[in-house]
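Report on the structure
Now for the letters of each chain:
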Amino acid sequence: MPIKFEKVTYEYPAEENAVVAVKDVSLEIADGSFVCICGENGSGKSTLAMLMNGLLQPTSGAVTVDGKTTSTEEEEELFAIRQKVGMVFQNPDNQMIASIIEDEIAFGPENLGVPREEIGERIDYALSAVGMTEHRRHTPYKLSGGQKQRIAIAAVLAMRPEVLVLDESTAMLDPKGRGEVLKVAEELNKQGITIVLITHFMEEATRADRVIVMSEGKVVMDGTPEQVFRDRESIERYGLELPAPDAVAAELIKEGIPLEDKIYSESELAEAICRLK
Ligand code: ADP
Ligand code: MG
């Protein structure tokens, strides 16, 4: 069980009106799972993400990663936790430091004290995992947004994480770039890396094993995509939208078209409509 939250509350310190961003959250992220976290702006998703790897420490309650608490003052322990739970953020441009891609990827392992020879292997592995091998000696500035996010993922992969947290990492990308990043996330998950994907694109959430919905700092829904998106009333109440094919299916069902009440992918819905008599 890599990540466990027990009654976790996080309050941003402020002179006045401290904001309680995460309220009494208990959850476990199972090894090897693909979890999506959804919720309106300000619902506490990023705060929850930063609590997962010790970038933030709970005000009360406990977060453990592989049984180790993130509420430690020991730099080394925190470093180990951050290596296990890697994070990729929204804006790819804020995450690039080096002017050559391989240096960008080497940065993490160098900090971990990984020997030179092995750093080369890790760069090979990380770039190939995100399909960017041929860009090894290029500058990151000319890449598309999707490619930049793949490099940001590679930089995390070079530290050999167990969990990859993507905090709205597809939000600034065009549909092609979003597709690229999602494909990489799915591929890594197949290889055993746990994925926590924070997104406001509901189609992405339907690819997950589990969808967690946050509202006002609390976990308000938690289940399979079917369970969560079937509860259309709650989806609306928490300010979310149905995945596009599902929204279309819901409208058709309302019009009396005899479609099965389930979660459709685009192609499944197209096929189901073609089969209608
Ligand atoms: P989300 O990622 O779902 O948009 P956040 O975790 O960023 O939500 O924010 C949750 C709440 O915490 C919001 O009310 C937000 O305004 C507040 N918040 C976020 N970051 C800070 C900060 N650095 N200082 C004070 N309040 C913050
Ligand atoms: Mg956020």
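Scroll up to find the structure this text is about.
Report follows, based on the coordinates. (Residues numbered from 1 in each chain as written. Chains lettered and ligands numbered in written order. Predicted model: local features only at pLDDT ≥ 70, side-chain atom pairs only at ≥ 80, totals over all residues. Heavy atoms only, no water.)

**Observations regarding the sheet that holds strand E10 (residues 218-223)**
Pairing is mixed in the open sheet, where six strands are placed in the order E6-E7-E8-E3-E9-E10. Strands with a single pairing partner mark the edges of an open sheet, and in this sheet they are strand E6 (85-88) and E10. Here the average twist between neighbouring strands, direction ignored, is 20°. Inspection of the sheet shows strand E3 (residues 34-39) paired to strand E9 (residues 210-215) by five bridges, in the parallel sense. (Pairing = 2+ DSSP bridges. Helix = DSSP H or I, 4+ residues; strand = E, 2+ residues; numbered from the N terminus. Axes fitted to C-alpha atoms, helices over the stretch in contact; angles between N-to-C directions.)

**Points about the pattern of salt bridges**
Enumeration according to the criterion identifies 16 salt bridges in this entry. One salt bridge in this structure joins Asp93 and Lys148, with 2.7 Å as the shortest N-O distance. On the criterion of sequence distance, the pair formed by Asp93 in the loop between E6 and helix H3 (101-112) and Lys148 in helix H5 (residues 145-157) is long-range, its members being 55 residues apart. A salt bridge links Glu251 to Lys254; its shortest N-O distance comes to 3.4 Å. Pair noted here: Glu251 and Lys254 are both in helix H10 (residues 244-254), with a separation of three residues, about one helical turn. Judged by its relative accessible area of 43%, Glu251 is partly exposed. Shared partners join several salt bridges into a network, and the residues in it are Glu102, Asp124, Arg136 and Arg137. (Salt bridge = Lys/Arg side-chain N within 4 Å of Asp/Glu carboxyl O. Buried < 20%, exposed > 50% of the residue type's maximum accessible area, 1.4 Å probe, protein only.)

**With respect to the pairing of strand E1 (residues 3-12)**
When E1 meets strand E2 (residues 19-29), the two strands line up antiparallel, connected through seven bridges. By the bridge assignment, Tyr12 is partnered in E2 with Val19. Linkage of E1 to E2, two consecutive antiparallel strands, is achieved through a turn of six residues, within which Asn17 is found at a positive phi near 50°.

**Observations concerning the nonpolar core**
With 49 residues, the main nonpolar core has Ile105, Ile153, Leu164, Leu188 and Ile195 as its most contacted residues. At six residues, H5 tops the list of elements feeding residues into this core. Residues Val8, Leu27, Val63 and Ile81 belong to the second largest nonpolar core, which totals 26 residues. (Core = buried A, V, L, I, M, F, W, Y, C linked by side-chain atoms within 4.5 Å.)

**Side note on the site of ligand 1**
The immediate surroundings of ligand 1 are formed by Tyr12, Val19, Ala21, Glu40, Asn41, Gly42, Ser43, Gly44, Lys45, Ser46 and Thr47. Here an oxygen atom of ligand 1 sits 3.2 Å away from a polar atom, N or O, in the main chain of Ser43. Within the side chain of Lys45, a nitrogen or oxygen atom sits 2.8 Å from an oxygen atom of ligand 1. Coverage of ligand 1 by the protein amounts to 60% of the 560 Å² it exposes when considered alone. Residue assignment for the shell around ligand 1 shows that the elements contributing at least two residues are E2 and helix H1 (45-52). When residues in the shell around ligand 1 are grouped by element, the largest group, three residues, is from H1. (Near = heavy atom within 4 Å. Polar contact = N/O pair within 3.5 Å; in protein donor to acceptor, adjacent residues only side chain to side chain. Areas by Shrake-Rupley, 256 points an atom, 1.4 Å probe, with all protein chains shown as cover.)

**Quick notes on the layout of surface pockets**
Reported here for the largest pocket is a volume of approximately 570 Å³. Listing elements by their share of the lining of the largest pocket, those giving two or more residues are helix H2 (75-84), E6, H3 and H5. Broken down by element, the residue count for the lining of the largest pocket peaks at six residues, all from H3. Split into classes, the residues belonging to the lining of the largest pocket amount to 13 nonpolar, six polar and two charged. In this structure, the second largest pocket occupies an estimated 350 Å³ of space. For the lining of the second largest pocket, the secondary-structure elements that each account for two or more residues are helix H6 (175-190), helix H7 (202-205), helix H8 (225-230) and helix H11 (266-275). Among the elements that line the lining of the second largest pocket, the one with the most residues is H6, at four residues. Among the residues making up the lining of the second largest pocket, the classes are represented as eight nonpolar, three polar and seven charged. (1 Å grid on protein atoms, 1.4 Å probe; cavity = no way out; pocket = protein on both sides within 12 Å on 5 of 7 lines; lining within 4 Å. Points joined across faces, edges and corners; volume = space filled by probe spheres on them. Nonpolar A, V, L, I, M, F, W, Y, C, P; charged D, E, K, R; others polar.)

**Looking at the sheet that holds strand E5 (residues 68-69)**
Strand pairing in a sheet relies on backbone hydrogen bonds. The paired strands run either parallel or antiparallel. Strands sit in the order E2-E1-E4-E5 across an open sheet of four strands; the sheet is antiparallel. This sheet does not close on itself; its edge strands, each paired only once, are E2 and E5. The sheet strands contacting H1 are E1, E2 and strand E4 (60-65), and the helix crosses E1 at an angle near 125°. (Contact = heavy atoms within 4.5 Å.)

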